[in-house]
Amino acid sequence: MKWLVTGGAGFIGSNFVFYLMDQYPEDQIVCVDSLTYAGNLETLESVMEDPRFSFAKVDIADRKAIYALFEQEKPDVVVNFAAETHVDRSVMDPGVFLRTNVLGTGVLMDASRQYGVKRYHQVSTDEVYGDLPLDRPDLFFTEETPIHTSSPYSASKASADLLVQAYHRTFGLPVSISRCSNNYGPYQFPEKLIPLMIANALNDKPLPVYGTGENVRDWLYVTDHCAAIDLIVRKGKEGSVYNIGGHNERTNLEVVKTILHTLDKPESLIHFVTDRPGHDRRYAIDPAKIHRELGWLPTTAFDEGMKKTIRWYLDNRAWWEHIISGDYQNYYSKMYGNR
Ligand code: NAD
Ligand code: DAU
């Protein structure tokens, strides 16, 4: 089977490439990534020379380049991870989110139609459902929960989902969509909560917690997400949406304290800062459908996953220090300077 994996130089996409190469030695993988600030070829170093793997620096919204690539590679399956993914950046500059997340998805689906792709899989997010109140722990997002977005990021992802469903109904494109909760694990860019807090704690810098730190996220170890996507592509029903999550809800403050305790750093490093505009209160996935239909269950418990993740950032300092020494400094002072 030949896979075309977009966004493969980013966090989840790279983990998915490693997952496929490990599980399916016969498969071919074409990784497509335009290498934005979030894409990193160092992440893919270990597979670059593997004959089963190839890399193309292409923007998914560049129709001509995408068609040329499909003409050359004729993939069986497309898995679209490529996206602008950081909510805070979407508040600062929404335009690029619309271009990549909406138009880019449209271009990939047009090419998938043209070249007879057998499955187009859209990697979406639980953020398309908006948020849940903090005082109703009985409520969860199901696949039937109405789309109701809060940020330019989540609105762009929801728009893409609608387009994917329209291509299925109107053109019969064989699609599937997955909506996962927050991921954590190796190779996550240090603008996101967990790697940012690990990096700051290791550098004895303040840990900027938005608002009161009571917002809740539902954490899933990245390999469990990869396994779920693989299962959906192979066995999931065409045209279907699958939620992915492992019932691992934590407040942001709990997550930050776990990091500090594991690294033996003081809680005095925690600094409460001005809240994110439109900040979603709670995400919580009901994963009953993917369990019932496909037998998927997560395998990494939160405590174990956090230990592995913190260990990875300790063992791979060069990877993230390289990132935070560059343009990231400008981003950091713009985002956190006056907060
Ligand atoms: P990431 O920001 O780490 O990586 C995104 C990758 O896409 C980067 O390598 C970047 O260079 C590439 N990219 C961006 N614009 C592109 C373009 N126009 N053309 C080609 N490549 C482009 O993101 P991530 O956290 O790995 O997320 C991957 C996908 O999973 C996204 O679609 C995101 O919405 C979704 N998702 C993420 C999470 C999470 O917790 N991180 C949870 C659920 C769903
Ligand atoms: O739920 C899936 C989504 O999870 C994905 O679709 C997004 O691509 C991904 O970025 C993530 O979105 P969040 O906004 O939940 O993740 P982030 O790591 O930015 O923030 C997690 C929580 O931590 C959120 O409540 C905001 C808070 N936070 C974040 C940062 C970066 C802080 O308190 N301080 C910070 O410095």
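In short, a report on the structure. Small disclaimer: the values here were computed from a predicted structure and weren't measured. (Residues numbered from 1 in each chain as written. Chains lettered and ligands numbered in written order. Predicted model: local features only at pLDDT ≥ 70, side-chain atom pairs only at ≥ 80, totals over all residues. Heavy atoms only, no water.)

## With respect to the site of ligand 2
Stated formally: Throughout, near means a residue has at least one heavy atom within 4 Å of the molecule or strand. Here a polar contact is recorded for every N or O atom pair within 3.5 Å, except that within protein the pair must consist of a potential hydrogen donor and a potential acceptor, and residues adjacent in sequence are included only if both atoms are side-chain atoms. Surface exposure here means Shrake-Rupley accessible area, sampled with a 1.4 Å probe, where a residue is shielded only by the protein chains that are shown. For helices the rule is a DSSP run of H or I covering at least 4 residues; for strands it is a run of E covering at least 2, with both sets numbered from the N terminus onward. Each residue gets one label: Ala, Val, Leu, Ile, Met, Phe, Trp, Tyr, Cys and Pro are nonpolar, Asp, Glu, Lys and Arg are charged, and the others, such as Gly, are polar.
Close contacts around ligand 2 come from 24 residues, with Thr 125, Asp 126, Tyr 153, Arg 276 and His 279 the closest. Within the backbone of Pro 208, a nitrogen or oxygen atom sits 2.8 Å from a nitrogen atom of ligand 2. Between ligand 2 and Asn 252, the relevant distance is 2.8 Å, taken from an oxygen atom to a side-chain nitrogen or oxygen of the residue. Taken by itself ligand 2 offers 690 Å² of open surface, and the protein chains cover 95% of this. When residues in the shell around ligand 2 are grouped by element, the largest group, 3 residues, is from strand β8 (residues 207-210). When its residues are assigned to classes, the shell around ligand 2 shows 10 nonpolar, 8 polar and 6 charged.

## What about helix α6 (residues 193-202)?
Quick note on the threshold: When a residue's accessible area, from a 1.4 Å probe over protein chains only, is under 20% of the maximum for its type it is buried; when over 50% it is exposed; and in between it is partly exposed. Note on definitions: a residue-residue contact is assigned when non-hydrogen atoms from the two residues lie within 4.5 Å.
Within α6, 9 of the 10 residues are buried, leaving the element largely enclosed by the surrounding structure. Within α6, the full set of buried residues consists of Ile 194, Pro 195, Leu 196, Met 197, Ile 198, Ala 199, Asn 200, Ala 201 and Leu 202. Buried residues in α6 make contact with β7 (183-184), β8, α8 (252-262), α10 (302-315), α11 (317-324) and α12 (328-336). Where α6 ends, the next residue or the one after it, Asp 204, has phi of about 55°, a positive value.

## Observations concerning the packing of α6 against α10
Our working rule: Note on geometry: axes are C-alpha line fits, over the in-contact stretch for helices, and angles between N-to-C directions span 0 to 180 degrees. Our angle categories are set so that under 35 degrees counts as roughly parallel, over 145 as roughly antiparallel, 65 to 115 as roughly perpendicular, and the remainder as oblique. By convention the crossing between two helices is left-handed if the near helix lies anticlockwise of the far one by an angle smaller than a right angle, and right-handed if it lies clockwise.
The geometry of α6 relative to α10 is characterised by a closest axis approach of 11 Å and an angle of 55° between their N-to-C directions. Classified by the angle their axes make, α6 and α10 are oblique. The handedness of the crossing between α6 and α10 is right-handed. Contacts from Ile 194, Pro 195, Ile 198 and Leu 202 of α6 reach α10 at Met 306, Thr 309, Ile 310, Tyr 313 and Leu 314.

## Some details on the nonpolar core
Applied cut-off: Nonpolar cores are built from buried Ala, Val, Leu, Ile, Met, Phe, Trp, Tyr and Cys residues. Side-chain atoms within 4.5 Å join them into one set.
Ile 194, Ile 198, Ile 259, Met 306 and Tyr 328 are the most contacted members of the largest nonpolar core, which totals 38 residues. Per-element accounting of this core gives the leading share, 7 residues, to α6. If near-sequence neighbours (up to four positions away) are discounted, Tyr 328 is found in contact with Phe 189, Pro 190, Glu 191, Leu 196 and Ile 323.

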